[in-house]
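Chain and residue survey
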Amino acid sequence: MGARRWLSLVAAASAALAMTPEQMISAPRRGEAVPNPSGNAALFSASQYSFDTHKAKSWWELMDLKTGKTTTLTEDSDVSEIVWLGTDDSSILYINSTNAETPGGVELWISNTHKFADGYKAASLPAPLSGLKAVTTHSGDVHYVVNGKSWPNGTAYNENLATKPLSSARIYDSVYVRHWDYWLSTTFNAVFSGTLKKPSVHGHHHYSSDGEINNLVYKIKNLESPYPPYAETSDYDLSPNGKWVAFKSKAPELPKANYTASYIYLSPHDGSEKPFAINGPDSPGTPKGFKGDSASPSFSPDSRHIAYLQMKKIKYEADRNRMFVYTIGSKKTIRSVAEGWDRSPGSIKWAADGKNLLVAADDKARTRMFAVPAHADHHYKPQNFTDGGSVSAYYLLRDSSVLVTGSAIWTNWNVYIANPMKGVIKELASANEIDPELKGLGPSNIDEFYFKGDFTDIQSWIIYPEGFDKSKTYPLCFYVHGGPQGAWGDSWSSRWNPKVFADQGYVVIAPNPTASVGFGQNLTDAIQNNWGGSPYIDLVKCWEYVRDNIPYIDTTNGVAAGASFGGFMVNWIQGNPLGRKFKALVTHDGAFIMDNMIATEELWFPQREFDGTIWNDRDNYRRYDPSAPEHILQFSTPHLIIHSDLDFRLPVTEGLAIFNVLQERGVPSRLLNFPDENHWVTNPENSLVWHQQVLGWLNKYSGIAESNSGAVSLDDTVIPVVDYNP
Ligand SMILES: *[C@@H]1O[C@H](CO)[C@@H](O)[C@H](O)[C@H]1NC(C)=O
Ligand SMILES: *[C@@H]1O[C@H](CO)[C@@H](O)[C@H](O)[C@H]1NC(C)=O
Ligand SMILES: *[C@@H]1O[C@H](CO)[C@@H](O)[C@H](O)[C@H]1NC(C)=O
Ligand SMILES: *[C@@H]1O[C@H](CO)[C@@H](O)[C@H](O)[C@H]1NC(C)=O
Ligand SMILES: *[C@@H]1O[C@H](CO)[C@@H](O)[C@H](O)[C@H]1NC(C)=O
């Protein structure tokens, strides 16, 4: 039978199962659609992993924005990023990830979308730089910015050229020794700028460059941008006139593990002056009381203003983002925009008119678009102009509409045009209508309801299995989200895709209890010192609501799963009465011994969540501790524990500790470990095993493995199981 037995079984039953794990993982994944200057075409990247060849391929496509039709621009995997040059509707600048002269470097090439093969090399860059942004300036030169690692002296870091030390030792004199999945070293992220000289009228027909790049970040000690580990390109922006670069860095004067504080810095594009913080502690315009994380700097169309987001609190990652507008050169207090709005936008851009701001914000389990006048006062209530699904990227079109790329629970990618006055005006493409892997998915796969929680009404999603018939019953699959300040949104996930779980034969219930975002800051903040309190009570009330009100859900054979904070919560549920209501549990990377929160990398996180330190406020850490004896003694529900070695957020010892307890207490349990994954499992082959084990575990105990011949089964585990039980 071999490695693919369980996969072919699932495929054979495809009439009953809309989407298998294999189909979800191997469906094409597409990037954000970026429009050309006149807005008649957009570019996007795509990639796909094949379980036949065990390889990924990537390519670029061009979409006609009148018809939504797409054509392949290039399948050359050397083309890692493309941006529009802005001079006309077809000229592009791209990063070629092979450098003919410098191993480990990249090249910048210029081409056009009519004849991609006509491209030529315009610059050789000495390191693996990425995150390209470019504008064509008034003079005709192209100003660009990229980012990559920097040596302390400002030189771009190229691993291929660095000498390998003889010893692997690491030595630290301050906290923050590791982050997410890497150990800190003397190199750090930096934004680099460069110029491509315009073609001269006589002779040269090509843009050219001496390859010089300026490190805009390193001249002030401890600055770093874009911020790791995600290093998002929204951390920096280039002004439309090419003169300025704005970037975000964590506060250089504060220990990084203790605080979330960060500032927006402004630098001339040529790096001729040191950057300065527009909203730092000593800046003249810094709004009073704002000390938290700054984000998403964005230049106005006339290059005179910067809009950005900032939180108030100095060590809280989930505080409410406020919108600000800074005027370059002004020493006046930076103006806040619609400060009273009880939503927390995640990104901000200027509309083409230079008068309005366009923001995307979590709102009632969707990420919606809102338009806000740049002069809106404290009381202004922005109105959403998109509704279903979640916005992941948006770009301006000339008529103040936006080209939106988003997703939903039922599609991993959709593109549409929306207008602040008219809402969604044109649907262009959706993956569920293109990809055979996602065929059959649609908005009717989902529904939602509200129930009375601990102190307010709480929202929850319902996700139906393929072929759902409400006169039948389906075991409950209870989904607990992480964060804790996060939400199950109407958006696609390739790690916790509720439709993949539902299609095994469950109805998935995915509630947004206390701590969730998008329902107002009070609900988010109410989890402080309350981890096993209000969120747990909300989940109990959700479970009771489902039992009492939804006849097609079989709660007696229900199962529950969660990751990160959701993993903590499943560990907590195991030692509390709700644990007895489930047939099986799954914890992915969850906290177990709460004192161990001191071993995490971002110390501000437990200090905020538990309002203090483990030396002064130990009781706060132990108030809801799944490892307390009175809870351990309740453990009895079969429990799968997953924890990976590169998870530095919650070290692997948390998973080992609860697995040891479950085994020593005789509770059916299994440990799944990936040595090469972090807080997330992203490698497609690992992800497939993850799904096989998680679904196999749940299906075994819910009875689905027996009742649904097409379902994933633990009997088909392909990795050797180590079991030394006598
Ligand atoms: C990428 O650069 C290499 C080295 O200069 C070159 O051989 C190759 O043709 C380039 N490919 C593309 C698509 O530009
Ligand atoms: C910066 O430091 C690196 C690593 O020590 C070194 O390879 C590089 O030559 C230095 N650059 C300059 C301009 O001194
Ligand atoms: C980090 O925060 C803790 C707790 O608030 C404090 O005790 C410690 O002094 C801080 N460290 C630094 C270097 O500020
Ligand atoms: C804004 O959201 C509401 C739901 O809160 C929805 O009914 C409405 O259609 C949305 N507006 C637009 C223009 O999409
Ligand atoms: C805000 O949250 C607290 C719990 O932290 C709750 O007691 C209170 O009722 C909430 N207020 C509103 C307006 O929802």
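The chain is annotated in an unreviewed UniProt entry as Dipeptidyl-peptidase V from Aspergillus sclerotialis. The UniProt entry for the chain carries this comment under Subcellular location (unreviewed entry): "Secreted".

1. Remarks on the overall build of the chain
Counting its regular elements, the chain contains 12 helices and 39 strands. Computed over the C-alpha atoms, the radius of gyration of the chain is 26 Å, within 12% of the 27 Å expected from 2.2 N^0.38 for a compact globule of 726 residues. Considering only C-alpha atoms, the chain reaches an extent of 80 × 60 × 60 Å along its principal axes. Counting all 726 residues of the chain, 59% fall into the buried class. A separation threshold of at least 6 residues defines the contact pool for the chain, and within that pool the share at least 24 residues apart is 60%. Considering the chain, the positive charge centre built from 64 side chains and the negative charge centre built from 78 side chains are found 4 Å apart.

2. Some thoughts on the packing of helix H5 (residues 534-549) against helix H6 (residues 565-574)
Following both chains from N to C, one finds H5 and H6 inclined at 70°, their axes separated by 11 Å at the closest point. Between H5 and H6, the angle is such that the two are roughly perpendicular. Across the interface between the two elements, Pro 535, Tyr 536 and Leu 539 of H5 pack against Phe 565, Met 569, Trp 572 and Ile 573 of H6. In terms of residue class, the contact of H5 with H6 is made up of 7 nonpolar, no polar and no charged.

3. Some points on the domain arrangement of the chain
As far as domains go, the chain holds domain 1 (137-160 + 170-337) and domain 2 (443-716). At the junction of the two partners, domain 1 supplies 22 residues and domain 2 supplies 20 residues. Here domain 1 packs against domain 2, burying approximately 1,900 Å² in sum over the two surfaces, 55% of which is carbon and sulfur. Where domain 1 packs against domain 2, one counts 0 salt bridges. Counting the contacts that link domain 1 with domain 2 gives 9 residue pairs in polar contact (both at pLDDT 80 or more). Those elements that provide at least two residues to the side of domain 1 that touches domain 2 are strand S12 (178-179) and strand S13 (182-183). For the side of domain 1 that touches domain 2, a count of residues per class yields 10 nonpolar, 3 polar and 9 charged.

4. Quick look at the nonpolar core
Counting 62 residues, the largest nonpolar core has Leu 403, Phe 501 and Trp 690 as its most contacted members. Residues in contact with Trp 690, not counting those within four places in the same chain, are Arg 495, Trp 496, Phe 501, His 588, Ile 642, Leu 672, Phe 674 and Val 681. Among the nonpolar cores identified, the runner-up in size contains 42 residues, and Val 570, Leu 578, Leu 585 and Met 594 belong to it.

5. So, the site of ligand 5
Taken together, Phe 455, Asn 522 and Ala 526 form the complete shell of residues around ligand 5. One of the side-chain N or O atoms of Asn 522 is found 2.6 Å from an oxygen atom in ligand 5. When ligand 5 sits alone it has 360 Å² of accessible area, and the protein chains cover 38% of it.

6. Brief notes about the side chain of Gln 310
Here Gln 310 lies in strand S21 (residues 305-310). Every residue in contact with Gln 310, bar those within four places of it in the chain, is listed here: Ser 262, Asn 279, Phe 290, Lys 291, Gly 292, Asp 293, Ser 294, Arg 320, Asn 321, Arg 322 and Phe 324.

7. What to know about the packing of aromatic side chains
Counted according to the given criterion, the structure contains 39 aromatic pairs. Aromatic side chains Trp 183 and Phe 648 sit 5.9 Å apart centroid to centroid with 65° between the ring planes, which places their arrangement in the edge-to-face category. Of the two residues, Trp 183 sits in strand S13 while Phe 648 sits in the loop between strand S38 (639-642) and helix H10 (653-664), which places them 465 residues apart along the sequence. Relative accessible area serves as the criterion here: at 5%, Phe 648 is assigned to the buried category. By way of ring pairs, the aromatic residues Trp 531, Phe 565, Phe 568, Trp 572, Trp 604, Phe 605, Phe 610, Tyr 621 and Tyr 624 are connected into one cluster. Above the ring of Trp 59, the side-chain terminus of Lys 57 is found at 5.0 Å from the ring centroid.

What counts and how
Residues numbered from 1 in each chain as written. Chains lettered and ligands numbered in written order. Predicted model: local features only at pLDDT ≥ 70, side-chain atom pairs only at ≥ 80, totals over all residues. Heavy atoms only, no water. UniProt positions renumbered as here; feature names shortened; annotations may be inferred. Helix = DSSP H or I, 4+ residues; strand = E, 2+ residues; numbered from the N terminus. Rg over C-alpha atoms; globule rule 2.2 N^0.38 Å. Buried < 20%, exposed > 50% of the residue type's maximum accessible area, 1.4 Å probe, protein only. Contact = heavy atoms within 4.5 Å. Lys, Arg positive; Asp, Glu negative; His and termini not counted. Charge placed at Lys NZ, Arg CZ, Asp CG, Glu CD. Axes fitted to C-alpha atoms, helices over the stretch in contact; angles between N-to-C directions. Parallel < 35°, antiparallel > 145°, perpendicular 65-115°, else oblique. Nonpolar A, V, L, I, M, F, W, Y, C, P; charged D, E, K, R; others polar. Domains from an automatic or database assignment. Buried area = accessible area lost by both parts, 1.4 Å probe. Salt bridge = Lys/Arg side-chain N within 4 Å of Asp/Glu carboxyl O. Polar contact = N/O pair within 3.5 Å; in protein donor to acceptor, adjacent residues only side chain to side chain. Core = buried A, V, L, I, M, F, W, Y, C linked by side-chain atoms within 4.5 Å. Near = heavy atom within 4 Å. Areas by Shrake-Rupley, 256 points an atom, 1.4 Å probe, with all protein chains shown as cover. Phe/Tyr/Trp six-rings, centres within 6.5 Å; stacked < 30°, edge-to-face > 60°. Lys NZ or Arg CZ within 6 Å of the ring centre and 35° of its normal.

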